[in-house]
Structures are given as C-alpha cells and as structure tokens.
Amino acid sequence: MRDVIGAATAGQTYFRGSMDGTVAYMMINKIPKMVQSRVRTWYNYTWDSQKMLDESVLLEQLPLVMRTAIAVDINLATFQKIDLFKGCDNQMLVDMLLRLKSIVYLPGDFVCKKGDIGKEMYIIKAGEVQVIGGPDNKIVFVTLKAGCVFGEISLLQSSKDGGNRRTANVAAHGFANLFVLDKKDLQDILVHYPEAQKVLARKGRQLMKAKGPAAAAQAADKKGGLSLFTPRPPTPKMLKPFGRFNKTNFMDKLKASSAKDQK
Ligand SMILES: Nc1ncnc2c1ncn2[C@@H]1O[C@@H]2COP(=O)(O)O[C@H]2[C@H]1O
C-alpha cells in the first residue's frame, strides 16, 4: 500500500516539476499568453485523464515480455475490431501495439492538415475528431469516435503524384486521446508480414477510392457545392497504357516515399 502511495506521489511531483519548468521556460521566452494557456491546459488534462504525462517512458523500463502482456491486455481487443487491420496477423497487431505512442490533443487542435506529408497514422483512444473543410473549415465531413483509425490514406499510398499527402484536415472535437503509429515503425513491422503488407496495400487503394479526393468532391457537392479536395486531373488517354508498367511492390513504394519525405 505504501508503495502505491509513494509511486503516486512521485508521479505527481514529476508532473508538477515538469509543468512548472515548462511554464518558467515559456515566461523567460515571452511566449504569447494564449499559447501558455494552451500548454497549461494540456498538462492539466493529460494529468487528470491518465495520471501520467507519457506512459511510454514508464513501459519502456519493463522487460519486453511484460510490456507485451500489458499492451495485449489493454489494447489488443480494440485493434482486432479495426476494419483496416481485419485479416492481418495477430502477432503483427501486437508488434504495432508495442510501437504506439499516446498523445492528447486539445479542442480545435489540428491533427492533420490537408496537403501535408503523412508521417503518422492515428487510432482514437478516447474522444472524437472531425474531418473538416470548406471556407474557414466550417464543413464537417465526418466525425470519428473511439476505435476509429485516420491518417492512414497518405501512409498507405506512394509518394508518386503526391499520394503521400494528407487528403483532408482533421481536428480534435473536444479533448482527444490518440494513439500514434509512425510510418517508419509501420514499415519496419510490415517487412516481417508480407501477407499483411498485401492486405494493407489493397485496403489503401480501396480507401483512396472511398475517402480520397474523388469521393470527397462528391460529398462536398452534396454538402453545398464546396470542395474539400481539388480532384486530380484525369490521366490523358495516350498515357494510360504506361500506368500498367508501374506496378512497383507496395513496400518499395512505402520505402521510397519515406526516404523522400525524410530528405
Ligand atoms: N470521408 C472520410 N471519412 C472518414 N475519414 C476520412 C474521410 N476523408 C478523409 N478522412 C481521413 O482524414 C485523413 C487525413 O489524412 P490522410 O489523407 O492520411 O487520411 C485521411 C482519412 O483517414
């Protein structure tokens, strides 16, 4: 019992020290009051909701076998329900769980901006995000809730023709606790699961059709003629036959796009 109370007090002391240090740093550097207030809100919400600032710091100290047991117990069931991962090897899901980082976004924060290069995908742990667009981002295309994945389209496309760019703006609707999976980590994992690679490549193409620029332009039409995406111009007929010779393997594309992003 004394150990538990001791750990809680140590955690609280660390949180206080970290917040006070950051506040002092912001004051010395004359950071605008608005930003300072958001940083304070982030600290307080993060502490209140999870009683620690960064759980990965804590879990990394554990032996792999224990980290795996904890990750499986807390999150595997959620991952197995995610459509994108259906048909993927369970072991691959566990590998993913071990690489996840947890992050809190404040109400209104942009998680993705349309046109940016996608380097991470997200799974909503708690809260909601909205896919938004139009003038002043006033149009809500869809609200995504706990257990939904987003940011996957630009990760599963190649950088060719800008396929690795975010297809939409996504902002936190209220506080949102997200899991983040890095593109590089996804690549490292997929090397070991060629079947899952194929499944994800196929799903990536389907998602692009279902949620990508063409689908969104249609949705925008329905919502009042405002377009979230600029549709890509069609390939001129004369060039279409050459597209067929361009079937590079999914991992090569993913690696090439990542190498390009990192330059
Ligand atoms: N119509 C939609 N329905 C659900 N999610 C969407 C829709 N359009 C875009 N998104 C998500 O918004 C994300 C923006 O970044 P990405 O293009 O990487 O991936 C995109 C999708 O995950």
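Below is a summary of the structure that appears in this document.

Cut-offs used in this document
- Residues numbered from 1 in each chain as written.
- Predicted model: local features only at pLDDT ≥ 70, side-chain atom pairs only at ≥ 80, totals over all residues.
- Heavy atoms only, no water.
- Near = heavy atom within 4 Å.
- Polar contact = N/O pair within 3.5 Å; in protein donor to acceptor, adjacent residues only side chain to side chain.
- Areas by Shrake-Rupley, 256 points an atom, 1.4 Å probe, with all protein chains shown as cover.
- Nonpolar A, V, L, I, M, F, W, Y, C, P; charged D, E, K, R; others polar.
- Helix = DSSP H or I, 4+ residues; strand = E, 2+ residues; numbered from the N terminus.
- Expected span 1.5 Å × (residues − 1).
- Buried < 20%, exposed > 50% of the residue type's maximum accessible area, 1.4 Å probe, protein only.
- Arc of directions from axis to C-beta.
- Salt bridge = Lys/Arg side-chain N within 4 Å of Asp/Glu carboxyl O.
- Phe/Tyr/Trp six-rings, centres within 6.5 Å; stacked < 30°, edge-to-face > 60°.
- Lys NZ or Arg CZ within 6 Å of the ring centre and 35° of its normal.

Looking at the site of the ligand
Here is step 1: Taken together, the neighbourhood of the ligand is formed by Val-131, Val-142, Phe-150, Gly-151, Glu-152, Ile-153, Ser-154, Arg-166, Thr-167, Ala-168, Val-170 and Lys-211.
Here is step 2: Here Glu-152 contributes a side-chain N or O atom positioned 2.4 Å from an oxygen atom of the ligand.
Here is step 3: Interatomic distance of 2.8 Å between a side-chain N/O atom of Arg-166 and an oxygen atom of the ligand.
Here is step 4: Surface burial for the ligand is 90%, taken as the share of its 450 Å² of free accessible area covered by protein chains.
Here is step 5: Along the lines of polarity and charge, the residues of the shell around the ligand split into six nonpolar, three polar and three charged.

Examining helix α2 (residues 33-50)
Here is step 1: Taking 1.5 Å as the rise per residue, α2 with 18 residues should run 26 Å; its terminal C-alpha atoms sit 26 Å apart, in good agreement.
Here is step 2: Among the residues making up α2, those that are buried are Gln-36, Tyr-43, Thr-46, Trp-47 and Gln-50. Across the axial projection of α2, the buried residues extend over an arc of 110°, all falling on one side. Away from its buried face by more than 90 degrees, α2 exposes Lys-33, Met-34 and Asp-48.
Here is step 3: One or two residues past the end of α2 sits Lys-51, with phi positive at roughly 55°.

Details of the pattern of salt bridges
Pairing is possible between side chains of opposite charge, provided their charged atoms come close.
Here is step 1: Per the counting criterion, the structure on display carries eight salt bridges.
Here is step 2: A salt bridge links Asp-188 to Lys-184, with the nearest nitrogen and oxygen atoms 3.2 Å apart. With Asp-188 and Lys-184 both in helix α7 (residues 183-190), this residue pair falls four residues apart, about one helical turn.
Here is step 3: The partly exposed category is assigned to Asp-188, whose relative accessible area is 28%.
Here is step 4: Through salt bridges with shared partners, one network takes in Arg-99, Lys-184, Asp-185 and Asp-188.

Some points on the packing of aromatic side chains
Here is step 1: For the structure shown, the criterion picks out seven aromatic pairs.
Here is step 2: Between Phe-15 and Tyr-43, the aromatic rings sit 6.3 Å apart at their centres with planes inclined by 50°, giving tilted as the arrangement. Separated by 28 residues along the polypeptide, Phe-15 in helix α1 (residues 2-28) and Tyr-43 in helix α2 bring together distant segments of the chain. Tyr-43 shares its class with Phe-15; the two are buried.
Here is step 3: Geometrically, the ring pair formed by Phe-15 and Trp-47 is stacked, given 4.7 Å between the ring centres and 10° between the ring planes. Of this pair, Phe-15 sits in helix α1 while Trp-47 sits in helix α2; the two residues are 32 residues apart in sequence, bridging distant segments of the chain.
Here is step 4: Classification of Phe-15 by relative accessible area gives buried; the value is 2%.
Here is step 5: Assessed through its relative accessible area of 9%, Trp-47 is described here as buried.
Here is step 6: An aromatic cluster of at least three residues, connected via ring pairs, comprises Phe-15, Trp-42, Tyr-43 and Trp-47.
Here is step 7: The ring of Phe-110 carries Lys-113 above its face, with NZ or CZ at 4.8 Å from the centroid.

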